[in-house]
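So the chains spell out like this:
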Amino acid sequence: MNFDLPVDLKAHLESIDSFIHSTILPLQHFEDNNRFFDHRREYARTEWENNGNPRKEWEELLGKARNLADSSGFYRFALPKIYGGNSHPDANLWMSAIRYHLASNPVYGGGLGLANDLQNEHSIVGNFPDVLMLHHFGNQQQKDTLIPARLRGEFRTTFGLTEPDHGSDATFMSTSARQIRGGFEITGIKKWQTGAHHCTHFLIFARTSGQAGSSQGITAFLVPRDTKGVRIVSYEWTLNMPTDHATVELDSVWVPGSAVLGSVDQGLAIAQTFVHENRIRQAASSCGAARYCLDRSIERARARKIWGEGKTLADNQAIQFPVVELMTQVEMLRLFILKTSWEMDRIVAECQSSETQRPPWVEIERRLSDQVAMCNFWANRLCCQAADRAIQIHGGDGYSRHHPFEHIYRHFRRYRITEGAEEIQMRKIGAYIFGFAGPKKKDMENVGTSKAKI
């Protein structure tokens, strides 16, 4: 059993590093672009007078970095070959390794740098959940028009599942759509519509049939932003600014039948398509950022002289022991993330070779959902703990914005809520461990039957 990264993956990480050093870092340091990454970052990124939205110059800089990465062949790695991607058979393993590498590298800032600024879901290696949703569920016209437009930056959509009164309980959503005049009329309110300030469309999930709480009867609609009856009510200011998270009202909004993405009444499957890939990659980023915080803390503790005795902070076990505990968790979690990613790739390959052609995300949900949830909820919590420890070890300097730790904490804190709140993920893990769901369910039911007979 070999726990080393494959040789070709290591070579790819080296090529990413070379590209960042030769192309991305010079752009980050050009003129005063560092104002978006140093102590001025939140102020420089935010149009405080415009609902707290991202500043145009900030988004233009991110766009330049993405274009450079795209032209150099890195940006589309995770996409199918027909869209310029790699279609690598071990894509999940590679993406997890890449995410960890970019977030942990001391030069790239723990997820706070032009190569990989996670606050904006920005990276020189893209994620593309919207493209894959269109690829798997869009009709031919949607795929032929919207995916190329997305890759050119001309099509941008939000993800409209959450509502003011419904978050994790999405099947109880209040937004509804009824068939009328050859299309659908949508009424409801959606919250946390990320990217609303510059989107061209809203991807809106609405109940079209069935009872509240049922996973059936929910339909996904691609609603153009300028459609009559669509109104951005507010932008929600958050722990980390700027904000592009809007509350959107749909007041009797009519869309044609061609606006449906996927099948009518089967839209919730679209929302679940990419959830495991998103969660495992987020886990890798969080684990990498935790490692970054701890490495910087070790450097600080070794360098900081105290009490005039020629000793350093690192000489004190009160400093050592908390770092030891966190670093132990980082290393164990890193290996678990890579193992789970590798297992996901095995399932994808199995589904692709199977005569039944069962969607891989269905099998991943059935067989690995608990492991993905373990990786995700613990990595996000661990990153917050590591950032907090880094602040403590750096003292007043750590509390200041001249170090990135407060930014890292504020950003990664959101992932204990988004991508599935950690309580929801723990509930999933519990159901799999105790056999209420997942592969153990049938065995546990048999055990219960056997005991009853005895």
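Thresholds applied
- Residues numbered from 1 in each chain as written.
- Predicted model: local features only at pLDDT ≥ 70, side-chain atom pairs only at ≥ 80, totals over all residues.
- Heavy atoms only, no water.
- Salt bridge = Lys/Arg side-chain N within 4 Å of Asp/Glu carboxyl O.
- Helix = DSSP H or I, 4+ residues; strand = E, 2+ residues; numbered from the N terminus.
- Buried < 20%, exposed > 50% of the residue type's maximum accessible area, 1.4 Å probe, protein only.
- Contact = heavy atoms within 4.5 Å.
- Phe/Tyr/Trp six-rings, centres within 6.5 Å; stacked < 30°, edge-to-face > 60°.
- Expected span 1.5 Å × (residues − 1).
- Bend = angle between axes of the 7 residues up to and from the residue.
- Pairing = 2+ DSSP bridges.
- Polar contact = N/O pair within 3.5 Å; in protein donor to acceptor, adjacent residues only side chain to side chain.
- pLDDT = per-residue confidence, 0-100.
- UniProt positions renumbered as here; feature names shortened; annotations may be inferred.

(A) Looking closely at the pattern of salt bridges. Under the defined criterion, the tally for this structure stands at 28 salt bridges. Here E42 ties to R410 by a salt bridge, and the two come within 3.0 Å at their closest N and O atoms. Of the two residues, E42 sits in helix α2 (residues 41–45) while R410 sits in helix α12 (residues 405–412), which places them 368 residues apart along the sequence. By relative accessible area, E42 is classed as buried at 11%. Overlapping salt bridges, with partners in common, bring together R41, E42, R401, E406 and R410 in one network.

(B) Geometry of helix α5 (residues 129–137). Listed as buried for α5 are D130, V131, L132, M133 and L134. Tucked inside the fold, the buried residues of α5 contact α6 (140–152), β3 (157–160), β6 (201–207), β7 (218–224), β10 (260–261) and α7 (268–272).

(C) Unusual backbone geometry, seen in detail. With an omega of 15 degrees, the peptide bond between M241 and P242 qualifies as cis. Within the element layout of this structure, P242 appears in the loop between β8 (230–235) and β9 (245–256). Of note in the backbone geometry, E31 takes a positive phi value of approximately 45 degrees without being a glycine. Along the chain, the position of E31 falls in the loop between α1 (7–28) and α2. Judged by relative accessible area, E31 falls into the exposed class, the value being 69%. Look at S252: it is not a glycine, yet its phi comes out positive at around 50 degrees. Topologically, S252 is positioned in strand β9.

(D) Spatial organisation of the packing of aromatic side chains. Taken as a whole and judged by the stated rule, the model has eleven aromatic pairs. Here F412 and Y415 contribute two aromatic rings whose centre-to-centre distance is 6.1 Å and whose plane-to-plane angle is 55 degrees, an arrangement assigned as tilted. Each member of the pair, F412 as well as Y415, carries the same accessibility label: buried.

(E) Geometry of α1. Along its 22 residues, α1 runs 30 Å from first to last C-alpha, staying within 8% of the 32 Å computed at 1.5 Å per residue. Remark: the principal bend of α1, roughly 45 degrees, maps to I20. Residues of α1 that are buried include every one of L9, H12, L13, I16, D17, F19, I20, I24, L25, L27 and Q28, and no others. On its buried face, α1 sits against α3 (56–71) and α4 (91–104).

(F) Looking closely at the pairing of strand β5 (residues 183–194). As paired elements, strand β4 (residues 176–180) and β5 share five bridges and run antiparallel to each other. Residue pairing for β5: A177 is matched across the bridge by I186. Judged from the nine bridges that link them, β5 and β9 form a sheet pairing that is antiparallel. Along β9, the bridge assignment pairs K190 with V248.

(G) Geometry of the pairing of β7. Of all the seven residues making up β7, six are buried; the element is thus mostly covered by neighbouring parts of the structure. Both β7 and β10 contribute to a ladder of two bridges, which runs antiparallel. If you follow F221 over to β10, its bridge partner there is V260.

(H) Inspection of the side chain of D130 at higher detail. Looking at the secondary structure, you find D130 in helix α5. Of the polar contacts made by the side chain of D130, one reaches the side chain of R150; its length is 2.6 Å. Leaving out residues up to four positions away in the same chain, D130 has contacts with R150 and T157.

(I) Summary view of the confidence of the model for the chain. When pLDDT is averaged along the chain, the result is 93; 98% of the residues meet or exceed 70. For the chain, per-element mean pLDDT is lowest for helix α14 (residues 441–453), which scores 63, and highest for strand β1 (residues 46–47), which scores 98.

(J) Here's a closer look at the UniProt feature "domain: Acyl-CoA oxidase/dehydrogenase middle" (unreviewed entry) in the chain. Here, the residues flagged by UniProt with the feature "domain: Acyl-CoA oxidase/dehydrogenase middle" (unreviewed entry) are residues 159–250. Each end of residues 159–250 is marked by a C-alpha atom, and these two atoms are 14 Å apart; helix forms 0% of the span and strand 49%.

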